[in-house]
Amino acid sequence: MSDPVRTPVEVHPRRAWAITSFALGASLGLAWALADTRTAPLPLGKKIVLKGWPITFRLPNGWKYELQDADTWSGEIEARPATESGMLRMIIRHDRRYQASSAEDIIAAYVGQRYGDVAQTFVSHESVSLGPVAGVNVSGDRLTAHMVMPVSIAAAGLPGGPALVVEIFGQSSSAGPMRRTLRSVCESVEFVRPRLSRSLGELSGKAGFECAVPTGLWCVDESSEYSAGIGLVADSGNIAPWSARAWRTFLASPRTLADLVYDQAAAGRVVFDLPQRPSETSIAGRPAASLTSAKSGYFTAVWAVELGNGAVVMVRGDGPESLSDEIDGACRKMAESAQRRTSADEFDLAAARKAGDEAVAAVRRRGLGRVWGAGSKSIWYLYERCGNPLGYLHVHRERATTTHSTGKPSYGYSGTDDLQIRFLDQHRQAQRTVWTIDDDAVAYTLDQTLTVGRGDASLSIASRFGRGSSDAELDVSTTFEKRKRSAKLKVGEDFAADPIEDMVLREVGERGVGQDALIRMIGSAPFAAAYVRCSVERGPGGERRVRTQSDCDPDRSLFNFDDDGELARQALGEGIVLRRAKHAEVARSLDWFGKPDGQPEVDPTSVMENDE
């Protein structure tokens, strides 16, 4: 089964709405600026501490507030002057549901969710401080059925969450004091959790490395069962917000530092090419590699440095292209100063490679027919994020005749995986995978099409992995916007073809708790077969599960399997869970399911006998 992918970096609604919204006449912007300089913010009252909230803040003196929304993942209040009957309101929200990687993304998601239409009239765009971290403030007019209402929205976020939004709106005569009052409230924000620090400090033992944190950055504990990373975020002294992640990983031959850097930079992109291959160098007397990329005003820098005995520290920074030198310099400084520390997450690289070889060999020796049987099977999964059902995955496979290994007909399997997701901001993602594989789990073909977009705007990428075997090359080709790129990818005995990844993970999970295995799999970069560390552990209920982490990525996934050997649940972090469900539950949970643009490719009535 092909894993569901996270939203590609290149297709976030980061700038499409921002450019059109901010490019309005200068006269309105001038009016806002003049009003802003002639007024003072309202004085603030006492600090407000709300149970379960990750932040504290202060409201204008004498204002009252009501709790509008609160759950495990988010919270919101609406505040207003206690003695005013007009339209002046302030909304403060924290949320981990937004698919966002920048303050602009957060604002776009918030506006799209609240108002349905992101094309608001924002004429001002500037930096703002949300407590200790840098954020963005946009201001302008919101058109309603009865009036033109001035609105100002500020946003910032920490790596791994939460995202913060502060909005104020009212009557046109109050634009100046509103804007300055919003900035004052934003500056009063304090983080309760996660706590921010200027150095890794006690986090270094958990992360497995120590490094210098450059001036102007806050360090955020991002490490968890879903992430090996340490987050870094620009402080309020920066002219614009940007963020970084640093994490420890491993290097297993024939992979190189340049491979890790390139694959991390390429992960999640729908464009398959980067400006150049990574630069290989030496810093602090140790091998290192780096790559920088800029596109549409957005800048990325990735660094990797060896620490010895197979250990590697990687750093990735993302932000506006105007800060490219600062971002790249900070990432290099962290990589250059990185030192290895012993952690509870240490593992034996050689033993893990041997265990991975054995797991893949066991699946091939047994044969797929002994596990999958002679019939067909259809399985449904519900895709949830932070408790909200957002999509589904439909997996169908059946016995088939294949001709991969020798050119002569042989037994095997064919199947389709159909993924449909609708994010909270109506961002859509469809991923269809069609595959075949021989019974010995060696030779296979796979075609995948990914479509992402909002409304009628979409991008697609098609990939094919064909005629691969344990001792041969994979033929890989990717097509995007009529451009095609082909390559041959060497793999070995430890390679698990996409259709049987879950079966191999289940085989690893049958081994003892504490067992680690390294298995080569196709990652989120289309021309890479990354090494994936698979660790067997106990879940919170005592159940056995498998945790996976790629050699080029800090994110982890958790896999649980049913007694029949099928995947029961996959948790990807960021509140994302893919869990096995009945077809009826999927249809009931998604209000768009079954409609013309939400209908699955495979008609469920054709597989009712095996419908899960």
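Residues numbered from 1 in each chain as written. Predicted model: local features only at pLDDT ≥ 70, side-chain atom pairs only at ≥ 80, totals over all residues. Heavy atoms only, no water.

1. Brief notes about helix H8 (residues 349-366)
Spanning 18 residues, H8 covers 26 Å between terminal C-alpha atoms, matching the ideal 26 Å at 1.5 Å per step. On its buried face, H8 is in contact with helix H10 (501-509) and strand S29 (516-522). With a side-chain oxygen lying 3.1 Å from the backbone nitrogen of alanine 350, the N-terminal cap of H8 falls on aspartate 348. After H8 finishes, the residue glycine 367 shows a positive phi value of roughly 90°. (Helix = DSSP H or I, 4+ residues; strand = E, 2+ residues; numbered from the N terminus. Expected span 1.5 Å × (residues − 1). Contact = heavy atoms within 4.5 Å. Polar contact = N/O pair within 3.5 Å; in protein donor to acceptor, adjacent residues only side chain to side chain.)

2. Here's the deal with the sheet that holds strand S10 (residues 190-191)
Read from one edge of the open sheet, 3 strands run S1-S2-S10, paired in antiparallel fashion. With partners counted over all chains shown, the strands left at the sheet margins are strand S1 (44-49) and S10, one partner each. Examined bridge by bridge, S1 and strand S2 (residues 55-60) share 4 bridges and lie antiparallel to one another. Following the sheet pairing, isoleucine 48 is matched in S2 by phenylalanine 57. (Pairing = 2+ DSSP bridges.)

3. Focus: the sheet that holds strand S17 (residues 286-295)
Read from one edge of the open sheet, 8 strands run S11-S13-S14-S15-S19-S18-S17-S16, paired in antiparallel fashion. Two strands bound the open sheet, and with one partner strand each, they are strand S11 (196-197) and strand S16 (279-283). Note that strand S18 (residues 298-308) and strand S19 (residues 311-320) share 10 bridges and pair antiparallel. The residue of S19 that forms the bridge with threonine 300 is aspartate 318. Lying over the sheet, helix H7 (residues 324-337) contacts strand S13 (217-221), strand S14 (229-234), strand S15 (243-250), S16, S17, S18 and S19, oriented at roughly 10° with respect to S18. (Axes fitted to C-alpha atoms, helices over the stretch in contact; angles between N-to-C directions.)

4. What to know about helix H6 (residues 257-266)
The buried fraction of H6 amounts to 9 of the 10 residues, a majority that puts the element mostly inside the structure. By the burial criterion, the buried members of H6 are Leu257, Ala258, Leu260, Val261, Tyr262, Asp263, Gln264, Ala265 and Ala266. Each element contacted by the buried residues of H6 is listed here: S15, S16, S17, S18, S19 and strand S28 (483-490). (Buried < 20%, exposed > 50% of the residue type's maximum accessible area, 1.4 Å probe, protein only.)

5. Focus: the pairing of S17
Pairing of S16 with S17 involves 5 bridges; the strand directions are antiparallel. Its bridge partner being in S17, threonine 281 is matched across the sheet by alanine 288. The loop that links S16 with its antiparallel partner S17 comprises 2 residues; one of these, alanine 284, has a positive phi angle of about 55°. Relative to S18, S17 runs antiparallel, the two sharing 8 bridges. Bridging across to S18, alanine 288 finds its partner in valine 305. The turn linking S17 back onto S18 is made up of 2 residues, and serine 296 within it adopts a positive phi angle of 55°.

6. Structural notes on the nonpolar core
By size, the foremost hydrophobic cluster in this structure holds 49 residues, and its most contacted members are Leu368, Ile437, Tyr444 and Ile500. In this structure, Leu200, Cys219, Ile230 and Ala335 belong to the second largest nonpolar core, which totals 33 residues. (Core = buried A, V, L, I, M, F, W, Y, C linked by side-chain atoms within 4.5 Å.)

7. Here's the deal with the confidence of the model for the chain
Residues of the chain with pLDDT of at least 70 account for 82%, and the chain-wide mean is 83. In the model, residues 5-38 has pLDDT below 50 throughout and makes 81 contacts with residues more than four positions away in sequence or in other chains. Here residues 601-612 scores under 50 on pLDDT; set against residues more than four positions off or in separate chains, the count is 24 contacts. (pLDDT = per-residue confidence, 0-100.)

8. A closer look at the environment of alanine 441
Structurally, the position occupied by alanine 441 is in the loop between strand S24 (427-438) and strand S25 (444-454). Here the alpha-carbon distance between alanine 441 and tyrosine 413, two residues 28 residues apart in the chain, equals 9.5 Å. Residue contacts for alanine 441: discarding those within four places in its chain leaves Arg364, Leu368 and Ile500.

9. Looking at the pairing of S2
Remark: a regular strand shows side chains that alternate across the two faces of the sheet. Extensive coverage of S2 is indicated by the burial of 5 of its 6 residues. Linkage of S1 to S2, two consecutive antiparallel strands, is achieved through a turn of 5 residues, within which glycine 52 is found at a positive phi near 85°.

10. Let's talk about unusual backbone geometry
The residue after arginine 193, namely proline 194, is reached through a cis peptide bond having omega -10°. The topology assignment puts proline 194 in the loop between S10 and S11. In this structure, the amide linkage connecting serine 253 to the following residue, proline 254, adopts the cis form with an omega of 10°. One non-glycine residue with positive phi stands out, namely serine 296, at about 55°. As for its position among the elements, serine 296 is in the loop between S17 and S18. Within the chain, asparagine 309 stands out as a residue other than glycine whose phi angle is a positive 55°. Position of asparagine 309 relative to the elements: it lies in the loop between S18 and S19. For asparagine 309, a relative accessible area of 73% corresponds to the exposed category.

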